[in-house]
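Structure assessment
Here is how the chains run, residue by residue.
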Amino acid sequence: VGIGSGKANETSVAVEKAFQSAKKNMQYVNIVGSTIPHEVEGKFATSTILLLPAKEGTGVIAGGAVRAVIDLAGIKDIVTKSYGGRNKINTVKATLNGLTSLRTREQVAALRGLKPEEV
């Protein structure tokens, strides 16, 4: 997933700049099945987003800008809650901060020098 913004006098030029910026800022998101591996909180400025894993079939329970990021990340089942500021740009950045801080069991085990079953 990547986020970007661009400014220009014409809308089409601004959209193209934002698209190029987003392509440069692509980041990987760890998912397990159709949801996230664990609960996580993302923060940026005054916006805080709580991301919770959900059972299969729950769907995406998120609003506005958060839903767009979650859909683009390919996550099918998740519950989110937004706290603090409602600015769309800050909300998107907080969501991306939360998603990029996710770690799978295998990644945590590798960092600790253990087997995945031991974590």
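Everything that follows concerns the structure shown earlier in this document.
Now for a look at the structure at hand. Keep in mind that what you see is a predicted model, and the values were worked out from it rather than measured. (Residues numbered from 1 in each chain as written. Predicted model: local features only at pLDDT ≥ 70, side-chain atom pairs only at ≥ 80, totals over all residues. Heavy atoms only, no water.)

Focus: the packing of aromatic side chains
The geometry of an aromatic ring pair is captured by the separation of the ring centres together with the interplanar angle, meaning the angle of the planes. We apply this condition: Stacked, edge-to-face and tilted labels apply to pairs of Phe, Tyr and Trp rings (six-membered ring for Trp) whose centres lie within 6.5 Å, assigned for plane angles under 30 degrees, over 60, and everything in between, in that order. Charges are assigned to positions over rings by a cutoff of 6 Å between ring centre and Lys NZ or Arg CZ, combined with an angular limit of 35 degrees from the ring normal.
According to the stated counting rule, one finds zero aromatic pairs in the structure shown. Directly above the aromatic system of Tyr83 lies the positively charged group of Lys81, at a separation of 5.8 Å from the ring centroid.

Some points on unusual backbone geometry
Just so we agree on the cut-off: Starting at the N terminus, helices and strands are each numbered in turn, a helix being any DSSP run of H or I of at least four residues and a strand any DSSP run of E of at least two. Throughout this description, buried means an accessible area under 20% of the type-specific maximum (1.4 Å probe, protein chains only), exposed means over 50%, and partly exposed covers the range between.
A positive phi is found at Ala45, a non-glycine position, where the angle reads about 55 degrees. Looking at the secondary structure, you find Ala45 in the loop between strand E1 (40-44) and strand E2 (47-53). Residue classification places Ala45 among the exposed positions, given a relative accessible area of 62%.

Details of the nonpolar core
Basically, it comes down to this: Here, nonpolar core means buried Ala, Val, Leu, Ile, Met, Phe, Trp, Tyr and Cys residues that are tied together by side-chain atoms lying within 4.5 Å of each other. The contact rule is simple, with two residues in contact once any of their heavy atoms fall within 4.5 Å.
If you look at the biggest cluster of nonpolar residues, it comprises 20 residues, and the most contacted ones within it are Val1, Ile36, Leu51, Ile70, Ile75, Ile78 and Leu99. Those elements giving two or more residues to this core turn out to be E2, helix H2 (64-73) and helix H3 (88-100). Per-element tally for this core: the top contributor is H2, with five residues. Not counting residues within four places of it along the chain, the set of residues in contact with Ile78 comprises Ile36, Leu51, Leu52, Ala54, Gly59, Val60, Ile61 and Ile70.

Comments concerning the pairing of strand E4 (residues 78-84)
To keep it simple, the criterion reads: We call two strands paired when DSSP finds no fewer than two bridges between them. Looking down the strands as they point away from you, a crossover is right-handed if its path from the first strand over the helix to the second goes clockwise.
Sheet topology places E2 next to E4; seven bridges connect them, and they run antiparallel. Looking across to E4, one finds that Leu50 is bridged to Lys81. As defined by bridge partners, strand E3 (residues 60-61) adjoins E4 across two bridges and the pair is classed as parallel. Note on E4: the bridge partner recorded for Ile61 is Val79. Assessed by its sense of winding, the connection that carries the chain from E3 through H2 to E4 is left-handed.

Here we look at the side chain of Asp77
Applied cut-off: Neither His nor the chain termini are counted; the positive set is Lys and Arg, and the negative set is Asp and Glu. What counts as a salt bridge is simple: a side-chain nitrogen of Lys or Arg found within 4 Å of a carboxyl oxygen of Asp or Glu. Polar contacts, as used here, are pairs of N or O atoms within 3.5 Å; protein pairs need one atom able to donate a hydrogen and one able to accept it. Residues neighboring in sequence count only if both atoms are side-chain atoms.
Topologically, Asp77 is positioned in the loop between H2 and E4. One buried charged residue, Asp77, forms no salt bridge at all, with the nearest opposite charge on Lys76 at 8.6 Å. Engagement of the side chain of Asp77 in a polar contact is seen with the backbone nitrogen of Thr58, the distance being 3.2 Å. Residues contacting Asp77, with those up to four places away along its chain left out, are Ser34, Thr35, Ala54, Lys55, Glu56, Gly57, Thr58 and Gly59.

Details of the packing of H2 against H3
Here is the rule we go by: To get an axis, a line is fitted to the C-alpha atoms, and for a helix only the part in contact is used. The angle between two axes follows their N-to-C directions and goes from 0 to 180 degrees. With the far helix as reference, a near helix turned anticlockwise by less than a right angle produces a left-handed crossing, and one turned clockwise produces a right-handed crossing.
In contact at an axis separation of 8 Å, H2 and H3 are set at 40 degrees when each is read in the N-to-C sense. For the pair H2 and H3, the crossing hand works out as right-handed. Here Ala65, Val66, Val69, Ile70 and Ala73 of H2 come into contact with H3, specifically with Lys88, Thr91, Val92, Thr95 and Leu99.

Looking at the layout of surface pockets
Our working definition: The pocket and cavity definitions rest on a 1 Å grid over protein atoms only: a 1.4 Å probe that fits but cannot leave marks a cavity, an open set with protein on both sides within 12 Å along at least five of seven lines marks a pocket, and residues lining either have an atom within 4 Å of a point. Grid points are joined across faces, edges and corners, and a volume is the space filled by probe spheres set on the points. Each residue receives one of three labels: charged for Asp, Glu, Lys and Arg, nonpolar for Ala, Val, Leu, Ile, Met, Phe, Trp, Tyr, Cys and Pro, and polar for the others, Gly being one of them.
As a volume, the largest pocket reaches approximately 210 Å³. If you trace the largest pocket, you find 13 residues lining it, with Gly2, Ile3, Gly4, Ala22 and Leu72 closest to the centre. If you list the elements that add at least two residues to the lining of the largest pocket, you get helix H1 (11-24) and H2. Considering every element that reaches the lining of the largest pocket, the biggest residue donor is H1, with four residues. Of the residues in the lining of the largest pocket, the class split is 10 nonpolar, two polar and one charged. Along the lines of polarity and charge, the residues of the lining of the second largest pocket split into three nonpolar, two polar and two charged.

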